[in-house]
Amino acid sequence: MAIRRLGFWRRLAVVIVLPMLKVMTKRTWHGQANLPTSGGVILVANHASHFDPLVVSHFLYDIGRWPRFLAKASLWKVPVLGPFLVKVKQVPVERGSVEAVKSLDALLAALADEGTVVIYPEGTTSKEPDLWPMRGKTGAARLALRTDTPVIPLAQWGAYQIYDSRTKKISLRPRRTVSAIAGPPLDLSKWRGQEPTKQVLDEITEHIMLTIRDLLSQIREGDAPPLYQPSARRPVAPATEPPPSAGSGAATESAAPAGTKTTTEPPAVAE
């Protein structure tokens, strides 16, 4: 594992968080060799629980990479927490604001510093009843086109057992099984050099989310349903744990409707 030049504050975060994670989780990691050992990386992942950023962080830390999550800029205004987020090199994002351009500049700086930027394209925890991935937002696609940085898909599962974002219930029972699998860098050559039109960004985003979904189906050992559309009417999320597999049968997805309008959407943030 590479030696990290963490500094005081990041080492403090590790000292506080890592022992807790080792007690609370039993980990199964796959595909860590798919992440390059140096250079900037964009990691795109599914988001099933407010606890899973810690799972993703542990996965990355174990291979010598420091995660740099996108989070709501309002957190930087909270006393004590805000300065701490600066010290541990997280990235503020202004959502729905003209300040979103500054968020993109912060991401570009992080990648230039060989950072590992973690983006949840869904923009929030999954609203799919069995926590399968939803359709994503286009911020990660825009960043990938802008930088030509490797984009690594990651699927993770199990964090909902510790904190279920649907029921808001917390379980402190130790040794909950959590799994993560990283795929090889996404082949985005089809879109390289193209203008970031709505059609192009939607196609890339669809490719990202389908890849993550298929990786997740490997962990859950079952067929995945089509990507969930949050605006569609669906049954209320169950109060019990989701089954290992949705059992709905894999589906072939089509790209989003074509269009030429460009967007100013910032990358999705962790909530």
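Scoring rules and cut-offs
- Residues numbered from 1 in each chain as written.
- Predicted model: local features only at pLDDT ≥ 70, side-chain atom pairs only at ≥ 80, totals over all residues.
- Heavy atoms only, no water.
- Helix = DSSP H or I, 4+ residues; strand = E, 2+ residues; numbered from the N terminus.
- Buried < 20%, exposed > 50% of the residue type's maximum accessible area, 1.4 Å probe, protein only.
- Contact = heavy atoms within 4.5 Å.
- Areas by Shrake-Rupley, 256 points an atom, 1.4 Å probe, with all protein chains shown as cover.
- Pairing = 2+ DSSP bridges.
- Axes fitted to C-alpha atoms, helices over the stretch in contact; angles between N-to-C directions.
- pLDDT = per-residue confidence, 0-100.
- Phe/Tyr/Trp six-rings, centres within 6.5 Å; stacked < 30°, edge-to-face > 60°.

1. Quick notes on the overall build of the protein chain
Phase 1 of the analysis: Looking only at helices and strands, one finds six helices and nine strands in the protein chain.
Phase 2 of the analysis: Sorting the 271 residues of the protein chain into buried and exposed places 51% on the buried side.
Phase 3 of the analysis: Considering only contacts within the protein chain whose residues lie at least 6 apart along the sequence, 79% involve residues at least 24 apart.
Phase 4 of the analysis: Accessible surface, the protein chain: about 13000 Å² in total, of which carbon and sulfur atoms supply 56%.

2. A closer look at the sheet that holds strand E5 (residues 116-119)
Phase 1 of the analysis: Pairing in this open sheet of seven strands is mixed, and the strands run E1-E9-E6-E2-E5-E3-E4 from one edge to the other. If you trace the sheet from one side to the other, it starts and ends with strand E1 (25-30) and strand E4 (91-93), each paired once. Neighbour-to-neighbour, the strand axes of the sheet open up by a mean angle of 25°, direction not taken into account.
Phase 2 of the analysis: Summarising the sheet, strand E3 (residues 67-72) and E5 pair through three bridges and their orientation is parallel. Its bridge partner lying in E5, Pro67 is registered against Thr116.
Phase 3 of the analysis: Helix-sheet contacts for helix H6 (residues 198-220) involve strand E2 (41-45), strand E6 (151-157) and strand E9 (176-182), and the interaxial angle to E6 is about 40°.

3. Section: the confidence of the model for the protein chain
Phase 1 of the analysis: Scored by pLDDT, the protein chain has a mean of 85; 81% of the residues are at 70 or more.
Phase 2 of the analysis: Predicted confidence is poor over residues 233-241, with pLDDT under 50, and the contacts of this stretch with residues over four places away or in other chains come to 16 contacts.
Phase 3 of the analysis: Low pLDDT, under 50, characterises residues 243-264; the predicted model gives this stretch 53 contacts beyond four residues in sequence or across chains.

4. Examining the packing of aromatic side chains
Phase 1 of the analysis: Across all of its chains, the model carries five aromatic pairs by this definition.
Phase 2 of the analysis: When the centroid spacing of 5.1 Å and the interplanar angle of 80° are considered together, the rings of Phe8 and Trp9 count as edge-to-face.
Phase 3 of the analysis: Relative to Phe59, the ring of Trp29 lies with its centre 5.4 Å away and its plane at 85°, an arrangement referred to as edge-to-face. Taken as a pair, Trp29 in strand E1 and Phe59 in helix H2 (residues 52-61) lie far apart in primary sequence, 30 residues in all.

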